[in-house]
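Spelled out, the chains give:
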Amino acid sequence: MAPAQACLAQSATAAPPSMSGALPSMGDSSELPAAAERRMGDRIAASIYRDPDYVDDPVLGDYLQSIWQPLMKAARARGELQDELDERFAWALFLIRDRSINAFALPGGYLGVHLGLIGAVNTPDELAAVLAHELSHVTQRHISRLMTQQNRQAPWMIAAMILGALAASKSPDAATAAIVGGQAVAAQGQLNFSRDMEREADRIGFGVMQGAGFDSRGVAEMFEKLQQASRLNDNGAFPYLRSHPLNTQRIAEAQSRLQLAAAATPSPEGRADADRAQLLHAMMAARARVLAVPGVDALRAMLAEAQRRTDPPATAAARIRDAGVLYGGALAAAQLRDFAGARSLWRQLPPLTEGVVRARQAVELLGIEIDLLAGVVPPSAATADLAQATTRAEVLTVSRSLTAARRGREVSDRLQTWVTAHPGDAMAWQMLAVAYGQQNQTVRAIRADAESRVAQRDYPAALDRFKAAQAMMRSQPGSADHVEGSIIDTRARQVESLVKAQALEDKVNR
């Protein structure tokens, strides 16, 4: 994926005249309706969903949400998130398979996080600092305000420009093809967050982060990383630094806020909570580094580091370090097809995660994942109760396990309930399609596949699948019941309307 500068997350070297002086008020000067911004974001999101570097990892996704949701709650409580934006925007996070340290905001409440960022930060507070900053760019409508300033470029043109920039790091030819017209190329250099907007996101993001209960020192720690990269002239691993360049004023203001918000000495209970959060983060950071596909040599190095561990940890810090090393080594071994080595390292994790519920759950899911990668049915599948699974990672991982054990009926029952509550979960729909297929319920399987395409904003492909289900019901009248047929007919009409609306919008803006 391209750097954040390609995704409307750059900082200009000088503030435009209209932005000088006082910080702008929330939503000030924006003429782009929230609904239009959301539609633009949906079009961009559809391309990202189809990008091979898009990663839907339920385990990392749940971890990211455990940080993101408190930030959203705090933004609402502080009045930073308007009701209209809260309702209309997607508020969806993308995980991007990229080892660089980066995060970016897109129109309509979509945010991207590179695996490299998760793998590089040392604490959940540092990650929260970045997410709070990006969230504030969205809540303050910086993107739409910039679009208003950029000579009122047509939304479709700006969307094409962003998609072109997203492709730039992979193929200059693809980027050129995606950027439509000379005006979009010119706008690419202008769609930069101003200094005032960056300062506003710093200020509001700091308050949101504190309101969510994160340690404000995470801001200082993240600044230190960026400053160090700046001194090293950035070797390309820090696109976030290029898109959010530090200057002395931003750093001074951040330091002042930190001094004013100096935290009291944490209680023993508070330190224990921090250690538990840090232990889970160490494991998730290791997971991100493995899933970023660092190469065989890097995976072997992670495996070797884990295998060198011999002595039990003597301190809390050593326990945290060992948990991360062992988790990363076990997953790296599984990626290298060394399943015996993976299981050997995995068996050393439970004692380190004793008493840390979320970390212990992550270890249990890793054990299932290793077995599935090895092509064997996990032993836990014999007794697993899918009805007791609550988190997305648990529901989907245990569903994969039970599917391997040919328990498709239980999987379909649980996933049908899940997708009713989470209709935008494309992976859940795909798993539901497999479960229905195991039961020879072909029409339901096709419909679930269609719904997964809807969740990914690929409406033409979804419509094709709905029509395929309708054709099967006509040729085989007993292939589905009347209720299922009515649902498919209704969804086909709804999706066909979306396809026509997209085509009309493209025609009007052409």
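Residues numbered from 1 in each chain as written. Predicted model: local features only at pLDDT ≥ 70, side-chain atom pairs only at ≥ 80, totals over all residues. Heavy atoms only, no water.

**Some thoughts on the overall build of the protein chain**
Here is step 1 of the chain: Helices and strands together make up the secondary structure of the protein chain, namely 24 helices and 4 strands.
Here is step 2 of the chain: The buried share of the protein chain, reckoned over its 510 residues, is 54%.
Here is step 3 of the chain: In the protein chain, the share of contacts with a sequence separation of at least 24, taken over all contacts with a separation of at least 6, comes to 72%.
Here is step 4 of the chain: Total accessible area on the protein chain is roughly 22300 Å²; 52% of this is exposed by carbon and sulfur atoms. (Helix = DSSP H or I, 4+ residues; strand = E, 2+ residues; numbered from the N terminus. Buried < 20%, exposed > 50% of the residue type's maximum accessible area, 1.4 Å probe, protein only. Contact = heavy atoms within 4.5 Å. Areas by Shrake-Rupley, 256 points an atom, 1.4 Å probe, with all protein chains shown as cover.)

**Let's talk about the pattern of salt bridges**
Here is step 1 of the chain: Summed over the entire model, instances satisfying the criterion amount to 29 salt bridges.
Here is step 2 of the chain: The salt bridge partner of Glu 253 is Arg 199, with a shortest N-O separation of 3.3 Å. Of this pair, Glu 253 sits in helix α13 (residues 248-260) while Arg 199 is found in helix α10 (residues 195-211), placing the two residues 54 residues apart along the sequence.
Here is step 3 of the chain: A salt bridge links Asp 322 to Arg 321, with the shortest nitrogen-to-oxygen separation between them at 3.2 Å. (Salt bridge = Lys/Arg side-chain N within 4 Å of Asp/Glu carboxyl O.)

**Focus on the nonpolar core**
Here is step 1 of the chain: The biggest cluster of nonpolar side chains holds 126 residues, and the ones touching the most others in it are Leu 71, Trp 91, Phe 94, Leu 117, Leu 127, Met 283 and Met 284.
Here is step 2 of the chain: For Trp 91, the contacting residues outside a window of four places in its chain are Trp 68, Met 72, Leu 81, Leu 85, Asp 86, Gly 108, Gly 109, Leu 135, Val 138 and Thr 139.
Here is step 3 of the chain: Core analysis: the second largest hydrophobic core is formed by 14 residues, Val 454, Tyr 459, Ile 488 and Val 495 among them. (Core = buried A, V, L, I, M, F, W, Y, C linked by side-chain atoms within 4.5 Å.)

**Section: the environment of Thr 123**
Here is step 1 of the chain: Relative to the helices and strands, Thr 123 resides in the loop between α4 (115-120) and α5 (124-139).
Here is step 2 of the chain: Residue Thr 123 is classed as buried on the basis of its relative accessible area, which comes to 14%.
Here is step 3 of the chain: Look past the residues within four positions of Thr 123 in its chain and what remains in contact with it is Glu 221, Gln 278 and His 281.
Here is step 4 of the chain: For Thr 123, the side chain forms a polar contact with the main-chain nitrogen of Glu 126, separated by 3.1 Å. (Polar contact = N/O pair within 3.5 Å; in protein donor to acceptor, adjacent residues only side chain to side chain.)

**A few points about the packing of helix α20 (residues 408-421) against helix α21 (residues 426-438)**
When two helices pack together, their arrangement is given by the angle between their axes and by how far apart the axes lie.
Here is step 1 of the chain: It is the contact of α20 with α21, at a shortest axis distance of 9 Å, that shows an interaxial angle of 150 degrees. In the packing of α20 onto α21, the handedness of the crossing is left-handed. Touching Gly 408, Val 411, Ser 412, Leu 415, Gln 416, Trp 418 and Val 419 of α20 are Ala 428, Trp 429, Met 431, Leu 432, Ala 435, Tyr 436 and Gln 438, all from α21.
Here is step 2 of the chain: Counted by class, the contact of α20 with α21 contains 10 nonpolar, 4 polar and no charged residues. (Axes fitted to C-alpha atoms, helices over the stretch in contact; angles between N-to-C directions. Left-handed = near helix turned anticlockwise from the far one by under 90°. Nonpolar A, V, L, I, M, F, W, Y, C, P; charged D, E, K, R; others polar.)

**Some thoughts on unusual backbone geometry**
Here is step 1 of the chain: A positive phi angle is found at Trp 91, which is not glycine, with a value near 50 degrees.
Here is step 2 of the chain: Its place among the elements puts Trp 91 in the loop between α3 (83-88) and β2 (92-96).
Here is step 3 of the chain: Accessibility expressed as a relative area gives 10% for Trp 91, which makes it buried.
Here is step 4 of the chain: One non-glycine residue with positive phi stands out, namely Asn 440, at about 60 degrees.
Here is step 5 of the chain: With respect to the secondary-structure elements, Asn 440 resides in the loop between α21 and α22 (442-455).

**Describing the pairing of strand β4 (residues 110-114)**
Here is step 1 of the chain: In terms of residue burial, β4 counts as a mostly covered element, since 5 of its 5 residues are buried.
Here is step 2 of the chain: Along β4, one buried face is formed by Tyr 110, Gly 112 and His 114 and the opposite face, lined by Leu 111 and Val 113, is buried too.
Here is step 3 of the chain: As paired strands, strand β3 (residues 103-106) and β4 are joined by 4 bridges and run antiparallel to one another. The residue of β4 that forms the bridge with Ala 103 is Val 113.
Here is step 4 of the chain: Counting the residues in the hairpin turn of β3 and β4 gives 3 residues, including Gly 108, whose phi is positive at 80 degrees. (Pairing = 2+ DSSP bridges.)

**Details of the confidence of the model for the protein chain**
Here is step 1 of the chain: Considering every residue of the protein chain, the mean pLDDT works out to 84; 80% of them sit at 70 or more.
Here is step 2 of the chain: In the predicted structure, residues 168-191 sits below a pLDDT of 50 and forms 40 contacts with residues beyond four places in sequence or in another chain. (pLDDT = per-residue confidence, 0-100.)

**Things to note about the packing of α10 against α13**
Here is step 1 of the chain: Running from N to C, α10 and α13 cross one another at 15 degrees; their axes reach a closest spacing of 10 Å. Looking at the two axes, α10 sits roughly parallel to α13. Crossing handedness for the pair α10 and α13: right-handed. Contact residues: α10 offers Glu 198, Arg 199, Asp 202, Arg 203 and Phe 206, while α13 offers Gln 249, Arg 250, Glu 253, Arg 257 and Leu 258.
Here is step 2 of the chain: Partitioned by chemical class, the residues of the contact of α10 with α13 number 2 nonpolar, 1 polar and 7 charged. (Parallel < 35°, antiparallel > 145°, perpendicular 65-115°, else oblique.)

**Description of the side chain of Thr 353**
Here is step 1 of the chain: Considering the arrangement of structural elements, one finds Thr 353 in the loop between α17 (339-346) and α18 (357-374).
Here is step 2 of the chain: Once residues within four sequence positions are removed from consideration, Thr 353 is found in contact with Leu 279, Met 283, Arg 319, Ala 359, Arg 360 and Val 363.

**Some words on α22**
Here is step 1 of the chain: In this model α22 runs 20 Å from its N-terminal to its C-terminal C-alpha over 14 residues, within 8% of the 20 Å that 1.5 Å per residue would give.
Here is step 2 of the chain: Among all positions of α22, only Val 443, Ala 445, Ile 446, Arg 447, Ala 448, Asp 449, Ala 450, Glu 451, Ser 452, Val 454 and Ala 455 are buried.
Here is step 3 of the chain: Just beyond α22, the residue with positive phi is Arg 457, at close to 65 degrees. (Expected span 1.5 Å × (residues − 1).)

**Considerations on the sheet that holds β4**
Here is step 1 of the chain: Strand order in the open sheet formed by 4 strands is β1-β2-β4-β3, and the pairing between neighbours is mixed. Two strands in the sheet have a free side with no partner beyond their single neighbour: β1 (54-55) and β3.
Here is step 2 of the chain: Its contacts with the sheet put helix α2 (residues 58-77) on β2 and β4, and the angle it makes with β2 is roughly 135 degrees.
Here is step 3 of the chain: Sitting on the sheet, α5 touches β3 and β4, and the angle it makes with β3 is about 20 degrees.

**Some remarks on the packing of aromatic side chains**
Here is step 1 of the chain: Within this structure, the stated rule accounts for 5 aromatic pairs.
Here is step 2 of the chain: Centroid distance Tyr 54 to Phe 94: 6.0 Å. Interplanar angle 85 degrees. Geometry classified as edge-to-face. Of this pair, Tyr 54 sits in strand β1 while Phe 94 sits in strand β2; the two residues are 40 residues apart in sequence, bridging distant segments of the chain.
Here is step 3 of the chain: Taking relative accessible area as the criterion, Phe 94 reaches 1% and is therefore assigned buried.
Here is step 4 of the chain: Judged by centre distance (5.8 Å) and plane angle (45 degrees), the rings of Phe 89 and Trp 91 are tilted.
Here is step 5 of the chain: One aromatic cluster in this structure is built from Tyr 49, Tyr 54, Phe 94 and Tyr 110. (Phe/Tyr/Trp six-rings, centres within 6.5 Å; stacked < 30°, edge-to-face > 60°.)

**Quick notes on the environment of Ser 344**
Here is step 1 of the chain: Summarising the element assignment, Ser 344 is placed in helix α17.
Here is step 2 of the chain: For Ser 344, a relative accessible area of 34% corresponds to the partly exposed category.
Here is step 3 of the chain: Distance from Ser 344 to Gln 307, taken between C-alpha atoms, is 9.3 Å for residues 37 residues apart in sequence.

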